[in-house]
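Examination of the molecular architecture
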Amino acid sequence: VRCDAVWTNARLMTMREGLGVVEDGMVAARDGYIVHAGPRIDVDGAEIHDCQRRWITPGLIDPHTHLVFAGNRAHEFQMRLDGASYADIGRAGGGILSTVRLTRAASEDELIAQALPRLDALLRDGVTTVEIKSGYGLTLDDELKMLRAAKALEHHRLVRVVTTLLAAHAVPPEHDADSYIDEVCDRIIPAAVGLADAVDAFCEGIGFTPAQAERVFQAAQAHGLPVKLHAEQLSNRNGAALAARYNALSADHLEYLDNAGIHEMARSGTVATLLPGAFYVMRETRLPPIAALRAAGVSMALATDCNPGTAPITSLLAILNMAATLFRMTVEECLLGVTAHAARALGRSGIGVLEAGRRCDLAVWDIGEPAELVYWLGNSPLHARVVNGKAV
Ligand code: DI6
Ligand code: FE
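The sections below set out a description of the structure shown in this document. This structure is a prediction, so every number in the text was calculated from the model and none was measured.

Summing up its helical and strand segments, the protein has 15 helices and 16 strands in all. For 392 residues, the compact-globule formula gives about 21 Å, and the C-alpha radius of gyration of the protein, at 20 Å, lands near that figure. Counting all 392 residues of the protein, 59% fall into the buried class. Across the protein, every contact between residues at least 6 apart in sequence was considered, and the portion connecting residues at least 24 apart equals 72%. Working note: accessible area of the protein is about 14700 Å², and carbon and sulfur atoms make up 50% of it. Distance between charge centroids for the protein: 1 Å, based on 36 positive and 47 negative side chains.

Attention now goes to the coordination of the iron ion (ligand 2). Distances from the iron ion (ligand 2) to its protein donors, His64 (NE2), His66 (NE2), His230 (NE2) and Asp305 (OD), fall at 2.1 to 2.3 Å. Coordination geometry of the iron ion (ligand 2): the four donor atoms subtend angles of 81 to 165° at the metal centre, consistent with an arrangement described as irregular. Look at where the donors of the iron ion (ligand 2) fall in the sequence and you get H-x1-H-x163-H-x74-D. Since its relative accessible area comes to 0%, histidine 64 is described here as buried.

In this section: the pattern of salt bridges. If the charged atoms of two oppositely charged side chains come close together, the side chains can form a pair. Inspection of every chain in the model, using the stated rule, returns 21 salt bridges. Two residues, glutamate 23 and arginine 53, come together in a salt bridge whose shortest N-O distance is 3.5 Å. Separated by 30 residues along the polypeptide, glutamate 23 in strand S2 (residues 21-30) and arginine 53 in the loop between strand S4 (47-50) and strand S5 (55-58) bring together distant segments of the chain. A residue is classified by how much of its surface remains accessible, and glutamate 23, at 42% relative accessible area, is partly exposed.

Right, let's get into the pairing of strand S14 (residues 362-365). Side chains of S14 alternate between two faces, with Leu362 and Val364 and Ala363 and Trp365 buried alike. Where S14 and strand S15 (residues 382-387) come together, four bridges link them in antiparallel fashion. Note on S15: the bridge partner recorded for tryptophan 365 is leucine 382.

Once that is clear, we can look at the site of ligand 1. Close contacts around ligand 1 come from 14 residues, with Arg73, Tyr86, Tyr136, His169 and Thr310 the closest. One of the side-chain N or O atoms of threonine 310 is found 2.8 Å from an oxygen atom in ligand 1. Summarising the interface, the protein chains cover 99% of the accessible area of ligand 1, which totals 320 Å² for the free molecule. In this structure, ligand 1 is accommodated by the largest cavity. Residues of the shell around ligand 1, tallied by class, amount to four nonpolar, eight polar and two charged.

Rules used in this analysis
Residues numbered from 1 in each chain as written. Chains lettered and ligands numbered in written order. Predicted model: local features only at pLDDT ≥ 70, side-chain atom pairs only at ≥ 80, totals over all residues. Heavy atoms only, no water. Helix = DSSP H or I, 4+ residues; strand = E, 2+ residues; numbered from the N terminus. Rg over C-alpha atoms; globule rule 2.2 N^0.38 Å. Buried < 20%, exposed > 50% of the residue type's maximum accessible area, 1.4 Å probe, protein only. Contact = heavy atoms within 4.5 Å. Areas by Shrake-Rupley, 256 points an atom, 1.4 Å probe, with all protein chains shown as cover. Lys, Arg positive; Asp, Glu negative; His and termini not counted. Charge placed at Lys NZ, Arg CZ, Asp CG, Glu CD. Donors = N, O, S within 2.8 Å, 3.2 Å for Na, K, Ca; no water. Tetrahedral: all angles 85-135°; square planar, octahedral: opposite > 155°, others 65-115°. Salt bridge = Lys/Arg side-chain N within 4 Å of Asp/Glu carboxyl O. Pairing = 2+ DSSP bridges. Near = heavy atom within 4 Å. Polar contact = N/O pair within 3.5 Å; in protein donor to acceptor, adjacent residues only side chain to side chain. 1 Å grid on protein atoms, 1.4 Å probe; cavity = no way out; pocket = protein on both sides within 12 Å on 5 of 7 lines; lining within 4 Å. Sits in = over half its atoms within 2 Å of the grid points. Nonpolar A, V, L, I, M, F, W, Y, C, P; charged D, E, K, R; others polar.

The following block contains the structure:
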C-alpha cells in the first residue's frame, strides 16, 4: 500500500464490531485518510511512527457540548450547595439567562479566548472532534456570533468542530415563548444555514413544549438541516419520540425516557446521547433506561455536555468513568459511546472507526488494556493525537 504516514507496532481498538481489537496492528494514512487499519502489512514511502505497543483508538468525539459561553456560574453552584434549586435560580433571573447576558456582551474574539482553555482540556483527553452548540445568544446576531466563534476554534487548534444551532434553548427576556419561536423559525434558522450543521432545542417544563420543538424541527427540515433534541432530562414530555419522528440524529439526556420513546428511537435509528456528567452535577437519581435501550438496539453515545450551569466538565475520560460507575455501562459501550456511536450521533460517517476510507483521526494511549481508559479519573494517559493524518 502507498501511504504518507504509518503508525505501527501498535495495538488497535478499531471500534469495528465492538472494540475490534488488533494485537499487532498498524494504521496507514494518505492525504489525511486511513488507507489501512489492521494487521501489519508492507507499506511504501511513509513517515513511520513506532508506537512501542501502545494502544490506538479513533480520536475521541464529544458529541454534545455548550463549550462556547462567557463567564461562569460558580456563584450559582454555591447557592445550590446552600439549598437553592436549579429552577429557583432560573426563576430569579439566574440560570441560562445569566450566561446569556454575559455572552451577549462578549465579542466573538472574547468567546474564542474563553473557550480555548476548555477545548485544550478536552484535547488532552484525546478528543479530535467536538460538537458545540449555540444557545446563549438568543438573538439572531448573538446566535450567529456563537456559531462563528465555535467554528473559528478550528483555526486555533487541530480539531474538528461540528456546530449546532440551539436558539430554542430559553425564552429571552424581550419575547414570550411563541413569539420567540416565530423568530427562531422565520429568521434565525434561515440565517444559520451554512454555519450550523444541525438544529437542537431544549424540550422541558423550564424550556419549550413539544409543539414548539416541532415547529423548530419543521423549519430546520425546510432548510435541509438535521435535528436533535434535549429530551426527557427532568421530566417525560415525549420529546424523544417526537425527535425520532423527525429522524433526529440523536435525543440527549433521556433520564425520564419511556418504552414508547425507546421504540420510536429504535425504529428511526436515533442515537441516545447520554450525559452522566449532568446527572452527577444535578444529583439526579433517576437513571436513563440503559438496559431497555440496550435491549432495543438503540446506539448509545456519551458526551460531556460541558456548560456553565449543569455540567462544568471538560474531561471526556471522566465521563467514561461516570458512565461505567453511575450508569453501569460496559467498557465496550463506554468506548463505542465516544467513537463509533458518537460519530453516528453527529451524522458523520467519516470518523469514529479505524478503517480504510475514514479520516485519519487517532488517539495514541499509554495504557496496557482498554479498560484503563474508563478506569482512571483525573489522569489522562494520552500519548499523542492525530487529526487528518497530522500528529500533534
Ligand atoms: N440542558 C442542560 O442541562 C443545559 N442546557 C440544556 O439544554 C443547561 C445549560 C445551563 O444551565 O447553562
Ligand atoms: Fe446540553
